[in-house]
Amino acid sequence: MNTKVYENNINELVIEEMRKILPQDAVSTKIVDRLAVCHGAFNVEYKWIQAGKYPYIPDLVVWPETTEQVSEILKIANKNKTVVIPYGGGSGSVMGSVFFNGGICLDTKKLTKFILNEKGMSVTVGAGWNIGQLEDELNRFGYTMGHFPQSMNSATIAGSVATSAIGTFSTKYGKFDDILIALEVVLPTGEVLYTKDSPKASTGINLNYLFLGSEGSYGICTEVTAKIWLKPEARKFSVYTFKTTHDGFEAVRKIVSLGQATLAVVRLYDEYESVFTIDAYKFEEGYALLYLGFEGRKDQVDLEMNISDEICRAEGGLYKGDQAAKQWEKDRLDTSYGLGTTHLPNGAAESLEVSASWDKLEDVWLAMRNAIAPYAQIIHVHFSHMYHTGGNLYCIIHTIRGKNSEDAEKNFLKCVKKALDACVKAGGSISHHHGVGTLKSKWMSDEHNNGFEVMKKIKRAIDPNNIMNPPVLGLGGEANVG
Ligand SMILES: Cc1cc2nc3c(=O)[nH]c(=O)nc-3n(C[C@H](O)[C@H](O)[C@H](O)COP(=O)(O)OP(=O)(O)OC[C@H]3O[C@@H](n4cnc5c(N)ncnc54)[C@H](O)[C@@H]3O)c2cc1C
């Protein structure tokens, strides 16, 4: 792998300047602190840790407590051309916070403001709020954000902005793009930018979209204003089996796309991923499995369940109660299944998530499955975020075992390449909610065509010294992962 993917100027003077503007315990060059924040949660990074030779670490870590401190840090970094990579919960899965050529790690966890706006139905919080803790805090006041990513106990709220994330109840509450109202961002030059909390404005481009999914390449998000909802009165589930995944697709498409009922959760597991659950519950062998979740007022939930039930049965769905889905609800934050394979010195397991419109989604699914098949021993696919015009595809790949950990890494990266090439060819988007990082940056021009050049021009205009997380999205350096 190419290690010098960006220029980074760091020396004792820069560190001294940081010490002058920050409290003593907010700057560290200790190896233990630098190791703690030097990686995300992608399986290749895990392999490096497992091998005990993590190759890329930051030169120092800073923990600002205020927006003013973030601004001062970036002014010093910009003047000295020192790279800064923001770090939230470190749960990113696309190698988006790897210090290929060192730099400053700006850990956001001490940015913890909290202002509840009950009349405006929003909350304004510091970037570093852990999503699980924030949800608990909102629940204490009778509210929910409705944002439940599987990583909610490790990820931060600004991480959701930076990666354009999504939670498992997205069909009701929306993806983070829909939940986000306003932002405070410190630009690479140290200027502070605010967007307004109006519900909608026709006043030029919506600048929130410049930072949603920008993975720290255009600035550091310091505050987030997000929608809140009343905590729902009822939550219910129903489970169906379908003879084929295609039949399940048709049922979901008719419920979601033809606007017949509002679901909170949709999880359609293809015939292959369904095998274990079908077996455990003695459902029909070889069938696909669908979980539907409903939330809101009791009478509304019952009505939506009835409408969905009618549609599922009309598409050949067999009703199976709610137990399997309730078990999913209970286990949904548990990620130990994939780790079992990754723990093996010669194994690797990871998810890849893409999206496509309804007319292309089944083609993307089959194309990706076929492309990965020669390199994987297990491929699980489900569809868990559905929209009016299409949906996502979430693929969990356990690669064929290699001789050692290098082999496992190579095998996994080969799966990524085969899968994303197939996805692009079939008309899908290379990432639905994990982002691009350095893992998928090679596909950015396929994804955006000349839009990618526009993004690079914006990068040069906002970040003339290329100090903000340069290699992510391929905007300020190419990491050549794989
Ligand atoms: C087991 C597991 C389950 C997951 N489930 C989901 C899921 O259900 N839904 C989902 O969307 N994702 C999921 N993810 C992916 C990951 O949790 C998300 O990408 C999450 O939004 C990352 O947040 P974080 O705070 O951990 O960010 P980090 O990993 O710290 O950073 C991610 C990227 O954002 C940048 N960044 C972080 N903070 C800021 C900031 N304040 N300003 C600017 N840039 C910043 C970083 O530089 C990096 O490029 C999962 C990951 C794992 C490991």
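Predicted, not measured: the structure shown is a model, and the values here were computed from it.

A few points about the site of the ligand
Taken together, 33 residues lie around the ligand, and P86, G88, S91, S151 and T156 are the ones closest in. Between the ligand and T163, the relevant distance is 2.9 Å, taken from an oxygen atom to a side-chain nitrogen or oxygen of the residue. A distance of 2.8 Å is found between a nitrogen atom of the ligand and a backbone nitrogen or oxygen belonging to I166. In the complex, the protein chains occlude 93% of the 970 Å² of accessible area that the ligand would expose alone. Elements supplying a minimum of two residues to the shell around the ligand: β3 (84-87), α6 (157-163) and β10 (220-227). Taken together, the residues that form the shell around the ligand break down as 12 nonpolar, 20 polar and 1 charged.

Side note on the sheet that holds strand β1 (residues 27-28)
The strand order across the open sheet formed by 4 strands is β1-β2-β4-β3, and the pairing between neighbours is mixed. The strands lining the two open edges of the sheet, one partner per strand, are β1 and β3. Note that strand β2 (residues 60-62) and strand β4 (residues 104-107) share 3 bridges and pair parallel. Its bridge partner lying in β4, V62 is registered against L106.

With respect to the domain arrangement of the protein chain
Split by domain assignment, the protein chain resolves into domain 1 (12-109), domain 2 (114-230), domain 3 (234-331) and domain 4 (336-439). If you average the C-alpha positions of domain 2 and of domain 3, the two centres end up 30 Å apart. Taken together, the contacts link 7 residues of domain 2 with 10 residues of domain 3. Overall, the association of domain 2 and domain 3 removes approximately 750 Å² of surface from exposure, summing both partners, and the carbon and sulfur fraction of that is 59%. In terms of surface lost to domain 3, no three residues of domain 2 exceed F169, T171 and K172, which account for 74% of the buried area on that side. Counting across the domain 2 and domain 3 interface gives 0 salt bridges. Run the count over domain 2 and domain 3 and you get 4 residue pairs in polar contact (both at pLDDT 80 or more). Partitioned by chemical class, the residues of the side of domain 2 that touches domain 3 number 3 nonpolar, 3 polar and 1 charged.

What counts, and where the lines are drawn
Residues numbered from 1 in each chain as written. Predicted model: local features only at pLDDT ≥ 70, side-chain atom pairs only at ≥ 80, totals over all residues. Heavy atoms only, no water. Near = heavy atom within 4 Å. Polar contact = N/O pair within 3.5 Å; in protein donor to acceptor, adjacent residues only side chain to side chain. Areas by Shrake-Rupley, 256 points an atom, 1.4 Å probe, with all protein chains shown as cover. Helix = DSSP H or I, 4+ residues; strand = E, 2+ residues; numbered from the N terminus. Nonpolar A, V, L, I, M, F, W, Y, C, P; charged D, E, K, R; others polar. Pairing = 2+ DSSP bridges. Domains from an automatic or database assignment. Contact = heavy atoms within 4.5 Å. Buried area = accessible area lost by both parts, 1.4 Å probe. Salt bridge = Lys/Arg side-chain N within 4 Å of Asp/Glu carboxyl O.

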